[in-house]
Amino acid sequence: MKQLKRVLTAAFVILDIILITGGYDEHSKMYRWIGHPLANGMTDIAHIIGGVNGIGWAIIIITAILRLILLPFFLNQQVNTTINQIKMQTLKPEIDKLQALTRKAGTTQEQQQASMAMMSLYRENDVSVIGGISFLTMAMQLPIFSGLYSAILHAPALKGAEFLGFNLGKPQIVFAIAAGVIYLIQAWLAMQHMPEEQKKTSAMMMFISPIMIFVFAMIASGAIGLYFVVGGLFALIQTLIQHYQRPGLEKRVVREFKIKKTADDLMQESSKTKSTVTSTDGEQKIVQSSETKNKKQRNAGKQKR
């Protein structure tokens, strides 16, 4: 299973590189391979719905379908990430000990010893340094959402299209504000379970995304703004699910997660390894010294003869 996951991740990464490096114009691989089929599907849905609002509803439906397809992958990643965060909080006293030893280290060797113990602490207790993030989920969503973006950007049916009285071919401040507010609420909700010290360092990064989406929606077409609104609603739903899942996951971690090796255990093991290596080196030096002495004696005997 792990091998299959690695192969799929590598395949999607290669596909992402091929698509993204080709740009987003109408002649790019992104539009020809993914965007154009999605644009055709959007046009077909608009024709089935009919009316002046057809293309707007088509954007909402296509975006919702793709989000629903990826939702199980996102939710699974959220569970893994949340469990990893809770484990990290449980492990924090041990992490703090090793960080203090790293700061107090008087030599490079002592710093390396503490750093190696830190890596072992994560590994021995099955805690991910990267926070449980799935590279497969990240690599998989990029061509899908980028292709949808290029479809909305270049779809012929969007020329002169309207949705609820808003021209989808021109920037619409209403969609920009709605998208910005939705992503702002989502960012605020995502921060609620963060430790206080982590909130201080993450707050700026968490709130930069809603601002960037608002600015981009302000200068992009109304169709792109509508796409951001729908995508933001799904992101908010995912964060709400994570918010209500967390108490159950915390109980699960308390019940199942036990610290297998503490910072003190790992430092003691490191010290024993160091002592063994030093002892072995000492024995080798004694043997080498004895051999050198015997050689000198044999050479002295030959000279006397």
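Residues numbered from 1 in each chain as written. Predicted model: local features only at pLDDT ≥ 70, side-chain atom pairs only at ≥ 80, totals over all residues. Heavy atoms only, no water.

A look at the pattern of salt bridges
Link 1 in the chain: Under the definition given, this model contains five salt bridges.
Link 2 in the chain: The partner of D126 in a salt bridge is K87, with the nearest N and O atoms 3.9 Å apart. You can see D126 sitting in the loop between helix 4 (108-124) and helix 5 (135-154) and its partner K87 sitting in helix 3 (residues 54-104), a full 39 residues away along the chain.
Link 3 in the chain: What makes K87 buried here is its relative accessible area of 15%.
Link 4 in the chain: Between R246 and E250 there is a salt bridge; the shortest N-O distance is 3.2 Å. Taken as a pair, R246 and E250 lie in helix 8 (residues 222-256) at a separation of four residues, close to a single helical turn.
Link 5 in the chain: We classify E250 as partly exposed; its relative accessible area is 32%.
Link 6 in the chain: Because the salt bridges share partners, they merge into one network encompassing R252, R255 and E256. (Salt bridge = Lys/Arg side-chain N within 4 Å of Asp/Glu carboxyl O. Helix = DSSP H or I, 4+ residues; strand = E, 2+ residues; numbered from the N terminus. Buried < 20%, exposed > 50% of the residue type's maximum accessible area, 1.4 Å probe, protein only.)

Thoughts on the packing of helix 1 (residues 2-20) against helix 5
Link 1 in the chain: It is at 9 Å that the axes of helix 1 and helix 5 come closest, and there the two elements cross at 35°. Every pair of crossing elements has a handedness; the one defined by helix 1 and helix 5 is left-handed. Touching K5, L8, T9, F12, V13, L15, D16, L19 and I20 of helix 1 are F135, L136, A139, M140, L142 and P143, all from helix 5.
Link 2 in the chain: Residues belonging to the contact of helix 1 with helix 5 are distributed by class as follows: twelve nonpolar, one polar and two charged. (Axes fitted to C-alpha atoms, helices over the stretch in contact; angles between N-to-C directions. Left-handed = near helix turned anticlockwise from the far one by under 90°. Contact = heavy atoms within 4.5 Å. Nonpolar A, V, L, I, M, F, W, Y, C, P; charged D, E, K, R; others polar.)

Section: the packing of helix 2 (residues 29-49) against helix 5
Link 1 in the chain: Where helix 2 meets helix 5, the closest approach of the two axes is 8 Å, and the angle between their N-to-C directions is 65°. Taken as a pair, helix 2 and helix 5 cross one another with a handedness that is right-handed. Taken together, the residues of helix 5 that come into contact with helix 2 (itself represented by M30, Y31, I34, G35, L38, A39 and M42) are P143, I144, S146, G147, L148, S150, A151, I152 and H154.
Link 2 in the chain: Taken together, the residues that form the contact of helix 2 with helix 5 break down as eleven nonpolar, five polar and no charged.

What to know about the UniProt feature "transmembrane region" (unreviewed entry) in the protein chain
Link 1 in the chain: With numbering matched to this structure, UniProt assigns "transmembrane region" (unreviewed entry) to residues 7-25, 45-70, 127-152, 172-190 and 211-237.
Link 2 in the chain: Counted over residues 45-70, helix gives 85% and strand 0%. Its end C-alpha atoms are 21 Å apart.
Link 3 in the chain: The distance separating the terminal C-alpha atoms of residues 211-237 is 20 Å; by composition the span is 93% helix and 0% strand. (UniProt positions renumbered as here; feature names shortened; annotations may be inferred.)

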